[in-house]
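# Residue-level structural notes
Each chain, letter by letter, is given below.
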There are 2 protein chains.
Amino acid sequence: MENVIDVIDAVPAEPWQIRETAPLGPRAFLHETLFALGNGYIGLRGTHEEGGAAGLEGSYLNGFYENEAIHYPENAYGLARTNEFMLNVPNAKCIALTVEGERFVFDAGKLLAYERSLDFRKGVLERTVEWESPQGHRVRIDSRRLVCFGRKHVAAIEYRVTALNFAGRVEIASRIDSEVTNLQAGDDPRVGSAVTGPALSTLSREADGEGELLLQRTRNSGFLLATGMRHVCATASAGRGAVHAFGASLREGEALTLHKFIAYVSSRDVAEDEVPRLAREEMARAAQDGFAHLVAEQGVYLDRFWREADVQIEGDDALQQGVRFNQYHLLQSVGRDGRTNIAAKGVTGEGYEGHYFWDTEIYVFPFFLFSRPEIARALLQYRYNGLPKARERARQMSHATGALYPWRTIAGEECSAYYPAGTAQYHINADVAYSIRLYLLATGDFDFIAQYGAEIVMETARIWTGIGSYDREGRFCINEVTGPDEYTALVNNNYYTNAMARMHMRFAADMAERLRAERPADFARVAGAIGLEDGEIAAWRSASAAMRLPYDEALGIHEQDDSFLSKKPWDFAGTPKDKYPLLLHYHPLVIYRHQVCKQADVVLALLLLSDEFSLDDKRRDFDFYERVTTHDSSLSSCIFSMVANEVGYADKAYHYFMETARLDLDNTHANTEYGVHTAAMAGTWLGVAYGFAGMRLTGSGLRFAPALPGKWTSYRFQVHVQGALLAVSVDAAGVHYKLADGESLAFTHHGTAVQLTRANPDIRLEAA
Amino acid sequence: MENVIDVIDAVPAEPWQIRETAPLGPRAFLHETLFALGNGYIGLRGTHEEGGAAGLEGSYLNGFYENEAIHYPENAYGLARTNEFMLNVPNAKCIALTVEGERFVFDAGKLLAYERSLDFRKGVLERTVEWESPQGHRVRIDSRRLVCFGRKHVAAIEYRVTALNFAGRVEIASRIDSEVTNLQAGDDPRVGSAVTGPALSTLSREADGEGELLLQRTRNSGFLLATGMRHVCATASAGRGAVHAFGASLREGEALTLHKFIAYVSSRDVAEDEVPRLAREEMARAAQDGFAHLVAEQGVYLDRFWREADVQIEGDDALQQGVRFNQYHLLQSVGRDGRTNIAAKGVTGEGYEGHYFWDTEIYVFPFFLFSRPEIARALLQYRYNGLPKARERARQMSHATGALYPWRTIAGEECSAYYPAGTAQYHINADVAYSIRLYLLATGDFDFIAQYGAEIVMETARIWTGIGSYDREGRFCINEVTGPDEYTALVNNNYYTNAMARMHMRFAADMAERLRAERPADFARVAGAIGLEDGEIAAWRSASAAMRLPYDEALGIHEQDDSFLSKKPWDFAGTPKDKYPLLLHYHPLVIYRHQVCKQADVVLALLLLSDEFSLDDKRRDFDFYERVTTHDSSLSSCIFSMVANEVGYADKAYHYFMETARLDLDNTHANTEYGVHTAAMAGTWLGVAYGFAGMRLTGSGLRFAPALPGKWTSYRFQVHVQGALLAVSVDAAGVHYKLADGESLAFTHHGTAVQLTRANPDIRLEAA
């Protein structure tokens, strides 16, 4: 096979796509992730129809999971008991091609041409292969694959084979591979799950001339899963058992085309007896509409998405490609049915076991809130649906009232098997409250608050008065928690946690009081449901007012926790590069006893609670924490970029942004093989809007403070906010704000008040 | 079966023994532990020869282990990788009795008489049973069992059956049961191990007319184990396979007696090819010497032990029984070959998996040091032999130099699978150093220091300069450790740890300098071996001088760690009794964030570093910590008793002492079924010597401050110290000190100097 250069990480000719020009090679495993397709429910890794995955043959359904008891070598009360993990479901993509009796595989014969691309506007993975068999038969294979954004349960493949230099028999055999298993976790805690053996048992496999329906059940979680395929081909199927073969004798230049329509439905989505019916219906409908129709639908869907969500950056095509790649993968990954969420790796791999984290609320949520608010609302709905489990978890953690969200989960069960960097991250509760607050600020949708939000916010606020206590100086302290920075665990008065808890309790009190005033019936219902007692609202106010927020007078910085500054500084000079990330080279005790951060913690508070800090504070904090942060977490660089922008460190802002924007495309964290980093992907969008454009939406309103990085000619993005759609364009000449939709919008630009209306829909101002 | 009252916990007629009068019943599982026999190597639980264990049929060899990989549901770098656990070895006690074809079992037929007793002076478990078979044949079974103190590898059984009311056939069948497995750990982290399946595979089973030798190999640790039995009986063996049957036709009143000699030898003790040979030799020698001889030897051994070690308490027979029971079990449990140590549960059960902890150095060691110094020396030798593994562990924990002892281990590997209450307890290093210091103070044996002790002390001291750092105020801080109190974990500047580290570093510096001055060749050898660098001794002195020792001015108490006093006090009033021990009812995070102690921490420092505190300090600390301590650890009450004595709280001292002294006999911690609590047993002895008699041996010398508890008529104990054997007797009339052996001894009595010599060997003084 000739050695074709792989150009995915070179500057793309067209920053709307990714492209590869060789099927194998050292980056093949990585590319299986990058070329993954998804629609927020189905996720198919970018492996080939013909098999031979370089890394991991994976098909996933967002929110569909198996569970398994967690075994601890040394047990303790209240540790998470059951793990939920995203299951690798049957691979329905399988197609085998035989040319005059010779089986097509990439590593036999001669590869005459190869290209594969994924265009973010089309949402179709396209591949062209020209191959000469060992016996000299040349064929072209044109295949297209899509996972339908508009059809939750459907994926489809077009597979066309053209005889190039011969007349003869071509056979395309299609099947569903049910013998799939999940990856085994090795020593890296960030990879795969601990499950062993097959998790799905097959109940039935019904095949007919049109296709097949496979019914399986998960061993422990007990879900029914239907995986189906249905074929449309000029020739009839000559199936043998589970294999459906389509053969034709082609003349030179003639082609045989197979359309394969795939459906996945599970009893997590619909009632048991609906599962096979829905799968059959969806396949039949797709087959009837036809492959071309699905492609057209996909284009329409993406057209709308990009019209509103596209971030345009002129002057750096590689970056432009990265930014769009990230947004596209977010759209592919996010659950939008209120019962699912967005996993740390989306539906592209098994890293972190398909779990949902705070990444959603703090990173991904704002992107959708400002780009596709209805998806953001569905993410909040997911948390509302998780309240019963969160209440159970709170009881396990000895909280008499309230709800404690799991640190990592799929269906709501706490799945964190290492509590110092899991359950101890109580800030998850405040993160959820923060996203609800931001939702209200951005949409004004108080109906949602009345119906769902207030209950979440109040139930979760109660945990703070439960966990916290007043010290001898009367300060409200929150002890024995872990903040966002996982290189420091089980500390007292983590700055981020305390500051966010204060925001949370104040917001809970505000919402309770507003609800009581404006919608007394709703207030009565919610208060009754959660058994809110007299004095709780006042207790939130008191605790907020007395909140301990560590500040070091000598250094003039906010201390990450009560003891952070009295720890020994990490010896960065003496730490060779191959010892990063530290977590893979040092015992937690070694890391924890040093002044070293994995990621933004105080710096994240500077961003989220922007109004609570002076600019000088922010700069001093940034300076200090930048020196001690490794950014071993993919959640870090984007935050540093945004704050660097705010404090006027343009070069650093650009550097950290670039660390984030192509993190997966360039595999800078060296584990994208196991899935994309959805939080960093969203951090890229935030890096533009919150970062370079200085956007903040707080209780004091919406503001922008745009700057143009020296390397860019211009950039442009849009935000849905307060019923309007605002387009922000920044170039050397200045900033152009335009009300693309809506009646009016007020905000500030570098402190100056701006008001756009239908009558005066745009304004051009100077950048920084 | 008639319901016989079980009198073990009633006041014994004879405080030299324990006795039971029913073989079954609710306490049977517990009694299997209490009636366990051991010799520091072999341990046989007090199950019956005929089987039918109520709880656990267990036979153990101290230091003989299997290992197994530890699997974490969420992994991290440097976590303990391999567990070593004490193996349940073949049960060689098995004897089956058949009377005229009817098998003797306790729960069939009629039990006409039953008594079992263990006399601490004899060291023989004696049982008498009169039984009537369902067909009406009456027999008396007299059995005696011993594990030879003087023969490491040997145990023996005498089994005599007398036909009481019939003439007929009696058959005694003997065998080794090789189908044994370890207990499975349930939810209680203190019980059993996580191993599954059989750990021993049988290589051969050689039987002849005299007995049998079973050779097995452990699956992972690879040790060879020989389990042998050899019989002496009036009739010849008629073995069938692995069963050796001895039958006789008895006339009424006639008896058949079987002597069974058992040997256990493993390749942890001797070279592989020596294993079967040594087992055969030991059995042959025992058989030749005869059972009566072994019983006599046992008496001689114990006679010497009690002559020196007996603590006599007049006025409370139940207590006297408890005290002796504890000392006796310590003698049964302690390894004395320099390669083994004393497990938390001795060799009586599988709790804590047969692991050795700091319990040895801080609790058990002083008992042996003052009662049997050569055993104490063997315990230190064990730590010396563990240095290479401790160095490896230090490297894993990123210490460039030095040695870090494992928190729990058998052969030296860190086996703690929950590092916050395991590896984080760095104080283990100082505990070992403390015992070496005490050894030197008690024996003056500087040869030991030069040969072994200095190397241990210096290598382990290096960890403190490695882990510690100077804070901004120039104080030497030790961060992110766990002190003795396991209800508070991963804290900064744990008082006990810091104070003990200071003692340790000072002692290391002292020993280094004394060695250099007195034995320069030894110093050069040790310094060379460990690569001691210039400045290290000075660094120990500097760190000691600058050591941060948290003290709260407002309360006038030593703070357990930097944050202990700012935590929320535990709601003791609101905690029902059935929620203790807390660790079984609350998540670690809940416990850790409260002001609550499982056990003595600062209070232990008050005892061990007695000279560093004023009496007022001690009283205030005691008052404070007593209020927040649950004593959920069996290591706690004895320490509180000793310090209560010192600060003048006689009633509390007595109360805590009583909590300790009969902890296992009365099963007050409700888990003695899984093994005795060796640390509390030693704490009982300490509770008399250190507690009521106020003995301390520190750098400023030996002192006593005896008091007589109101309920006692008198008490008496002896200590080996500085080459002398001192007898201390306390009664209402006063205190009698007598030099029982040695040339002279100087000490203080309530501050008054006393000097005893051969010429003036005793003195009578007033008690407190």
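The rules behind each value
- Counting of residues starts from 1 at the beginning of each chain's written sequence and follows it residue by residue.
- To read the labels, note that chains go from A and ligands from 1, taken in the order they are written.
- The predicted origin of the model limits local features to residues at a pLDDT of at least 70 and limits the giving and counting of side-chain atom pairs to 80 or more, whereas totals for whole chains, interfaces and linings rest on all residues.
- The helix count covers DSSP runs of H or I at least four residues long, the strand count covers runs of E at least two residues long, and both are numbered beginning at the N terminus.
- C-alpha atoms define the radius of gyration in this analysis, and the globule rule sets the expected value at 2.2 Å times the number of residues to the power 0.38.
- Here a residue counts as buried when 20 or more other C-beta atoms sit within 10 Å of its C-beta, as exposed when there are 12 or fewer, and as partly exposed otherwise, the C-beta atoms being derived from the backbone.
- Alignment of the copies relies on least squares applied to C-alpha atoms, considering only residues that score at least 70 for pLDDT in both.
- Contacts are defined on C-beta atoms placed from the backbone: any two residues whose C-beta positions lie within 7 Å are in contact.
- Between any two strands, at least two bridges found by DSSP are needed for them to pair.
- A helix is expected to span 1.5 Å for every residue after the first.
- The classification used treats Ala, Val, Leu, Ile, Met, Phe, Trp, Tyr, Cys and Pro as nonpolar, Asp, Glu, Lys and Arg as charged, and all other residues, Gly among them, as polar.
- Residue ranges assigned to each domain were obtained from an automatic or database domain assignment.
- Here an axis means a line fitted to C-alpha atoms, over the contact stretch when the element is a helix, while the angle between two N-to-C directions is reported on a 0 to 180 degree scale.
- Take the far helix as your reference; a near helix turned counterclockwise from it by less than a right angle gives a left-handed crossing, and one turned clockwise gives a right-handed crossing.

Along the backbone of chain A there are 18 helices and 33 strands. Computed over its C-alpha atoms, the radius of gyration of chain A comes to 27 Å, within 12% of the 27 Å expected for a compact globule of 768 residues. Seen along its three principal axes, the alpha-carbon backbone of chain A occupies a region of about 90 × 60 × 60 Å. A burial count over chain A gives 58% of its 768 residues as buried.

Structural alignment of chain A on chain B gives an RMSD of 0.0 Å, achieved by rotating through 180 degrees and translating 0.0 Å along the axis. Taken together, the rotation and translation relating the two chain copies correspond to the operation of a two-fold axis. If distances are taken from each C-alpha of chain A to the rotation axis, the shortest is found for A:Tyr72, at 3.1 Å. The overlap is high: 100% of the interface residues of chain A also sit at the interface in chain B, so the same surface is used on both sides.

Let us now look at the environment of B:Gly46. Residue and element names in this part refer to chain B. Tracing the chain through its elements places Gly46 in the loop between strand E3 (42-44) and strand E4 (59-61). Taking the C-alpha atoms as reference points, Gly46 and Thr348, separated by 302 residues in sequence, lie 8.6 Å from one another. Apart from residues no more than four positions distant in its own chain, Gly46 is found in contact with His31, Glu32, Leu34, Phe35, Ala36 and Leu125.

This part covers the sheet that holds strand E13 (residues 168-174) of chain B. Note: strands within a sheet are paired through backbone hydrogen bonds, in either parallel or antiparallel orientation. Residues and elements named next belong to chain B. Read from one edge to the other, the open sheet built from four strands follows the order E8-E7-E13-E17, with strand pairing classed as antiparallel. Since the sheet does not close on itself, it has two edges, and those belong to strand E8 (102-103) and strand E17 (244-250), each with one partner. With seven bridges connecting them, E13 and E17 associate as antiparallel partners. Each residue of the ladder has a partner; that of Gly168, found in E17, is Leu250.

Turning our attention to the environment of B:Glu314. All names here are of chain B. Note on placement: Glu314 falls in strand E19 (residues 312-314). Judged by the 14 C-beta atoms lying within 10 Å of it, Glu314 is partly exposed. In this structure, the C-alpha to C-alpha distance between Glu314 and Asp731, residues 417 residues apart in sequence, is 9.2 Å. Residues in contact with Glu314, not counting those within four places in the same chain, are Trp712, Thr713 and Ser714.

Take helix H6 (residues 373-385) of chain A next. Along its 13 residues, H6(A) runs 18 Å from first to last C-alpha, staying within 8% of the 18 Å computed at 1.5 Å per residue. Within H6(A), the full set of buried residues consists of A:Ile375, A:Ala376, A:Ala378, A:Leu379, A:Leu380, A:Tyr382 and A:Arg383.

As a further point, take the interface of chain A and chain B. Between chain A and chain B, the contact holds 42 residues from the first and 42 residues from the second. Tallying contributions element by element places helix H13 (residues 588-592) of chain A first for the side of chain A that touches chain B, with four residues. Residue classes in the side of chain A that touches chain B are distributed as 22 nonpolar, 12 polar and eight charged.

What the domain assignment reports for chain A is domain 1 (17-71 + 80-306) and domain 2 (372-549). The partner domain 2 of chain A presents nine residues to the eight residues of domain 1 of chain A that form the contact.

Glancing now at the pairing of strand E31 (residues 744-749) of chain A. Residues and elements named next belong to chain A. Burial along E31 is one-sided: Leu745, Phe747 and His749 are buried, and none of Ser744, Ala746 and Thr748, which face the opposite way, are. Of the pairings in the sheet, the one linking strand E27 (residues 701-704) to E31 comprises two bridges and is parallel in character. Note that in E31 the partner of Arg703 across the bridge is Thr748. Note: E31 against strand E32 (residues 752-757), six bridges, orientation antiparallel. Each residue of the ladder has a partner; that of Ala746, found in E32, is Gln755. Counted along the chain from E31 to the antiparallel partner E32, the turn is two residues long, and its residue His750 has a positive phi close to 45 degrees.

Attention now moves to helix H4 (residues 317-333) of chain B. If you check H4(B), its first and last C-alpha atoms are 24 Å apart, about what 17 residues at 1.5 Å a residue would give, namely 24 Å. The element H4(B) is extensively covered by neighbouring structure, given that 15 of its 17 residues are classed as buried.

In this section: the sheet that holds strand E3 (residues 42-44) of chain A. Residues and elements named next belong to chain A. Pairing within the open sheet is antiparallel, and its three strands lie in the order E2-E3-E4. Two strands lie at the open edges of the sheet, namely strand E2 (37-38) and strand E4 (59-61), each paired on one side alone. Pairing geometry for E2 and E3, over two bridges, is antiparallel. From the neighbouring strand, Gly38 faces E3, where its bridge partner is Gly43.

For any two helices packed against each other, one specifies the inter-axial angle together with the distance between the axes. Residue and element names in this part refer to chain B. Their axes nearest at 9 Å, the elements helix H10 (residues 495-518) and helix H12 (residues 536-545) cross at an angle of 150 degrees. Pair H10 / H12 crosses with left-handed handedness. Across the interface between the two elements, Arg502, Met505, Arg506, Ala508, Ala509, Ala512 and Glu513 of H10 pack against Ile537, Trp540, Arg541, Ala543 and Ser544 of H12. Of the residues contributing to the contact of H10 with H12, the split by class is seven nonpolar, one polar and four charged.

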